[in-house]
Every structure is written in structure tokens, then in C-alpha cells.
Amino acid sequence: MMLTENDVVLCHVDDLKEGDTKGFLENEAGQDLLFVVKFNDEFYGWRNACPHVNNAPMAWRKDAYMDAKKQHVACHAHGALFEPGSGLCIQGPCLGKTLEKVPVYVNSIGMVSILLTDIN
Ligand code: FES
């Protein structure tokens, strides 16, 4: 896959181990716009915006978007848990709501990217 001006390269597949998350595109307030999770050998991108309270940021520290068991994405504000692959909230105050997906692409040499048009 050729990269175009519309591609934003985030990292390489080797930068995340199974169950890892990593945040990207930090704003002036130090909050990531989005994060990527590696789960069951797939890569998923989600906006760092909890559907519970005004799209609040979710990590308790940089790149910490998972629960302790590395099975669910967690919002550390009020403890909501989300499925890493579907973004669905399965426990907590926003039960049944879903994180906003940012489609993630992996090319033939393992670069993980998103499209600029998907985040504007
Ligand atoms: S802001 Fe995420 S659970 Fe409350």
C-alpha cells in the first residue's frame, strides 16, 4: 500500500504487544485524540472520548486505556468497560453506548495508519 498525503502513520505493529494500547495526536492539554488497541492480533482505533460525560478523556495515565486484565478498554473516570473490538460499553454508566471508531490500516510493512479525513 502506498502512503498518500491523507495517511497519518501512527506506529509499527511491533510497537504494541497483545493487550497494549497507545495514544496519539496529543492536544495542548496533553490529551490524546485517539488510541489504538491490539486485541486478538487485530488493531483497532478509538477516539479518546468516553460516551458517558461530554466525551471525557479516558486514560488514567499516558497510554493506559485498558483494564488491569487487558481484556477491556476502560474509562478511568467512572469505570466504564468497553469491548476492544466493537467499542461497546458492557459495564458502567454508559452501558450500551459505543466508542467512536477511527478506522486503522496496516500496510504490507507493518505501518499502522489512519486517514486524515477520518479525524476531521
Ligand atoms: S466519563 Fe467515562 S465512565 Fe464516566
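Cut-offs used in this document
Throughout this description, residue numbers start from 1 for each chain and increase along the sequence as written. Only residues with pLDDT of at least 70 are given local features in this predicted model, and only at 80 or more are side-chain atom pairs given and counted; all residues enter the totals for whole chains, interfaces and linings. Strands are runs of DSSP state E lasting at least 2 residues, helices are runs of H or I lasting at least 4, and numbering of each runs from the N terminus. In this scheme every C-beta is placed from the backbone, and a residue whose C-beta has 20 or more other C-beta atoms within 10 Å is buried, one with 12 or fewer is exposed, and one in between is partly exposed. It is the C-beta atoms, placed from the backbone, that decide contacts: two residues are in contact if theirs lie within 7 Å. UniProt positions are given in the numbering used here, feature names are shortened, and annotations may be inferred rather than shown by experiment. Pairing between strands is defined by DSSP: at least two bridges between the two strands are required.

Comments concerning the environment of Ile-114
Phase 1: Along the chain, the position of Ile-114 falls in strand β9 (residues 111–115).
Phase 2: Overall, the presence of 22 C-beta atoms within 10 Å leaves Ile-114 in the buried class.
Phase 3: Linking Ile-114 and Lys-69, residues 45 residues apart in sequence, is a C-alpha distance of 27 Å.
Phase 4: For Ile-114, the contacting residues outside a window of four places in its chain are Val-8, Leu-10, Gly-45, Val-102, Pro-103, Val-104 and Ile-119.

Topic: the environment of Asp-20
Phase 1: Mapped onto the secondary structure, Asp-20 falls in the loop between β1 (7–12) and β2 (21–26).
Phase 2: Here Asp-20 falls in the partly exposed class, since 15 other C-beta atoms lie within 10 Å of it.
Phase 3: Taking C-alpha positions, Asp-20 is 7.5 Å from Met-66, a pair spaced 46 residues apart along the chain.

What about the environment of Asn-120?
Phase 1: Inspection of the secondary structure puts Asn-120 in the segment after β9.
Phase 2: A count of 5 C-beta atoms within 10 Å places Asn-120 in the exposed class.
Phase 3: C-alpha of Asn-120 to C-alpha of Val-9: the two residues are 111 residues apart in sequence and 16 Å apart in space.

So, the UniProt feature "domain: Rieske" (unreviewed entry) in the protein chain
Phase 1: UniProt's feature table lists "domain: Rieske" (unreviewed entry) at residues 8–94, given in the numbering used throughout.
Phase 2: In this annotation, residues 8–94 is assigned 0% helix and 37% strand; the end-to-end C-alpha distance for the span is 30 Å.

Brief notes about the sheet that holds strand β8 (residues 105–106)
Phase 1: One open sheet holds the three strands; their spatial order is β1-β9-β8, and the pairing between them is antiparallel. In this open sheet, the two edge strands, each paired with only one partner strand, are β1 and β8.
Phase 2: As judged from the five bridges shared by β1 and β9, these two strands associate in the antiparallel manner. Residue pairing in the sheet places Cys-11 in a bridge with Val-112 of β9.

Some points on the sheet that holds strand β6 (residues 81–82)
Two modes of strand pairing occur in sheets, parallel and antiparallel, and in both the strands are linked by backbone hydrogen bonds.
Phase 1: Sheet architecture is open: three strands sit in the order β5-β6-β7, paired in antiparallel fashion. In the strand order of this sheet, the two ends are held by β5 (73–74) and β7 (89–91), each with one partner.
Phase 2: In terms of strand pairing, β6 meets β7 through two bridges, oriented antiparallel. Bridging from a neighbouring strand, Leu-81 pairs with Gln-91 of β7.

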